[in-house]
Amino acid sequence: MELIDGNQIAATLIAELKAEVAKLTGRPPCIALVRVGEDPASVSYVTKKQKMCAEIGIESRLIFPPVTISQDELFALVDQLNADPSVDGILVQSPLPKPLSEIAVFRRIAAHKDVDGFHTLNLGKLAQEDDTGFIACTPAGIMELLQRSGVSLTGKHVVVLGRSLIVGKPAALLALQRKPWANATVTICHSQTANLASITRLADVLIAAIGKPEFVTADMVKPGAVIIDVGVNRVPDATKKTGYRLTGDVHFPTVAPLCSKITPVPGGVGPMTVALLMKNTVKARRQHSAAAAYN
Ligand code: NAP
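Residues numbered from 1 in each chain as written. Predicted model: local features only at pLDDT ≥ 70, side-chain atom pairs only at ≥ 80, totals over all residues. Heavy atoms only, no water.

Colleague: Help me understand the sheet that holds strand 2 (residues 30-34) in this model?
Modeller: Think of a sheet as strands paired side by side through backbone hydrogen bonds, with each pair either parallel or antiparallel. A sheet is described by the order of its strands in space; here three strands give the open sequence 3-2-4, paired in parallel fashion. For this open sheet the edge positions go to strand 3 (59-63) and strand 4 (89-92), each flanked by a neighbour on one side alone. Neighbour to neighbour, the strand axes of the sheet diverge by 20° on average, direction disregarded. (Pairing = 2+ DSSP bridges. Helix = DSSP H or I, 4+ residues; strand = E, 2+ residues; numbered from the N terminus. Axes fitted to C-alpha atoms, helices over the stretch in contact; angles between N-to-C directions.)

Colleague: Sorry if this is basic, but what is going on with the packing of helix 6 (residues 137-148) against helix 7 (residues 168-176) here?
Modeller: For any two helices packed against each other, the geometry is given by the interaxial angle and the distance between the axes. It is the contact of helix 6 with helix 7, at a shortest axis distance of 8 Å, that shows an interaxial angle of 40°. Taken together, the axes of helix 6 and helix 7 are oblique relative to one another. For the pair helix 6 and helix 7, the sense of crossing is right-handed. The segment helix 6 lies against helix 7, with Pro139, Ala140 and Met143 engaging Pro170, Ala171, Leu174 and Ala175. Grouping the amino acids of the contact of helix 6 with helix 7 by side-chain chemistry returns seven nonpolar, no polar and no charged. (Parallel < 35°, antiparallel > 145°, perpendicular 65-115°, else oblique. Left-handed = near helix turned anticlockwise from the far one by under 90°. Contact = heavy atoms within 4.5 Å. Nonpolar A, V, L, I, M, F, W, Y, C, P; charged D, E, K, R; others polar.)

Colleague: Got a minute to help me understand the sheet that holds strand 5 (residues 157-161) in this structure?
Modeller: Reading across from one edge, 1-11-8-7-5-6 is the order of the six strands in this open sheet, with parallel pairing throughout. Only two strands of the sheet have a single partner each, and these edge strands are strand 1 (2-3) and strand 6 (185-189). Where strand 1 lies against strand 11 (residues 261-262), two bridges are found, and the strand directions are parallel. Note that in strand 11 the partner of glutamate 2 across the bridge is lysine 261.

Colleague: Is there a simple way to explain the site of the ligand in this structure?
Modeller: Surrounding the ligand, one finds 19 residues, the nearest of these being Arg163, Ser164, Ser191, Val232 and Thr273. Interatomic distance of 2.7 Å between a side-chain N/O atom of arginine 163 and an oxygen atom of the ligand. Within the side chain of serine 164, an N or O atom sits 2.5 Å from an oxygen atom of the ligand. For the ligand, whose unbound accessible area comes to 920 Å², protein coverage reaches 70%. With three residues, the top contributor of residues to the shell around the ligand is helix 10 (residues 269-287). For the shell around the ligand, the per-class residue count stands at seven nonpolar, ten polar and two charged. (Near = heavy atom within 4 Å. Polar contact = N/O pair within 3.5 Å; in protein donor to acceptor, adjacent residues only side chain to side chain. Areas by Shrake-Rupley, 256 points an atom, 1.4 Å probe, with all protein chains shown as cover.)

Colleague: Is there a simple way to explain the pattern of salt bridges in this structure?
Modeller: Opposite charge on two side chains permits pairing when their charged atoms draw close. One pass over the structure, following the stated rule, counts 16 salt bridges. Taking the shortest distance from any N to any O, the salt bridge between aspartate 84 and arginine 61 comes out at 3.0 Å. Here aspartate 84, found in the loop between helix 3 (71-83) and strand 4, pairs with arginine 61, found in strand 3; they are 23 residues apart in sequence, far enough to count as distant. Accessibility expressed as a relative area gives 25% for arginine 61, which makes it partly exposed. Here glutamate 214 ties to arginine 245 by a salt bridge, and the two come within 3.6 Å at their closest N and O atoms. Linking glutamate 214 in the loop between strand 7 (205-208) and strand 8 (226-229) with arginine 245 in strand 10 (residues 244-247), this pair joins segments that are 31 residues apart in sequence. A single network of salt bridges, built from pairs that share partners, joins Glu16, Glu144, Arg148 and Lys279. (Salt bridge = Lys/Arg side-chain N within 4 Å of Asp/Glu carboxyl O. Buried < 20%, exposed > 50% of the residue type's maximum accessible area, 1.4 Å probe, protein only.)

Colleague: I keep staring at the packing of aromatic side chains and nothing clicks. Help me out?
Modeller: If you walk through the whole model with that rule in mind, you get one aromatic pair. Positioned above the aromatic ring of phenylalanine 64 is the side chain of arginine 35, whose terminal nitrogen or guanidinium carbon lies 3.8 Å from the ring centre. In this structure, arginine 108 packs its charged tip against the face of phenylalanine 75, placed 4.4 Å from the ring centre. (Phe/Tyr/Trp six-rings, centres within 6.5 Å; stacked < 30°, edge-to-face > 60°. Lys NZ or Arg CZ within 6 Å of the ring centre and 35° of its normal.)

Shown next as structure tokens:
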């Protein structure tokens, strides 16, 4: 069994982006990081993104509206950033506090600044295999991890556990693309799938993104499979100072010995997600002059 080291692969990608940004003429890329309220996980995610921007040479503009902001006020803020020519990318950190509609905000962001890849147009471009679009960072990060670990999906059976718009669906579409490293046969499973284990056992590559701690057990995995564990779950652990530990959607101790490659949690998919946000921001900066034609 080989561990797919997301920290190391992300570090390589970050170094590449840093070199690319250093070569850009004119102003550096700029991303607006919008965080509504003080949700501790969101505070931590935005801080991580801000730090990585600084490391690469990307300008980050931090905007922290209060939790009381209305939908219309948030729209107005997004409109302002959409119209600002010095901003290349806009990220509105999810989850948004209730009653704000996340999907409505994602759609409000100009598609050519949608570095999170959640806009309808960008999901459509993914389905059409139009590479000018932005792909959601976690699934794009999964593909980078696989490619950079020498795992070709061509002709393989990829089983994706989970059908969210953020991970499952775009991951499945990426694996399906007519690209040299993709070309997989793809099955998507979800909470209503019958005989789940009989399907996961057919997977050459299993991508688990369901948010259920240690759900995938050894009896659900084909020996020699590649396992990508997207899950990030907090489970109570009295031995930790925080009172919890992070675990994936895969029961690592029993599954790891069976498979050919596996991502750990933490240190697998997680670091790639932030790195791919940076990659999308640099891409937005490069495409900026053509933004008017983005459709
Ligand atoms: P989500 O929106 O809650 O979607 C979960 C999906 O899993 C749904 O499609 C759901 O099916 C399916 N599911 C739930 N229980 C299931 C079961 N028992 N059997 C089969 N399918 C089941 O979650 P998400 O946003 O995709 O995130 C998934 C996990 O990835 C979470 O742990 C999240 O924290 C993690 N994540 C990590 C990163 C990272 O950077 N590492 C980024 C994003 C997410 P239905 O559609 O039928 O409800």
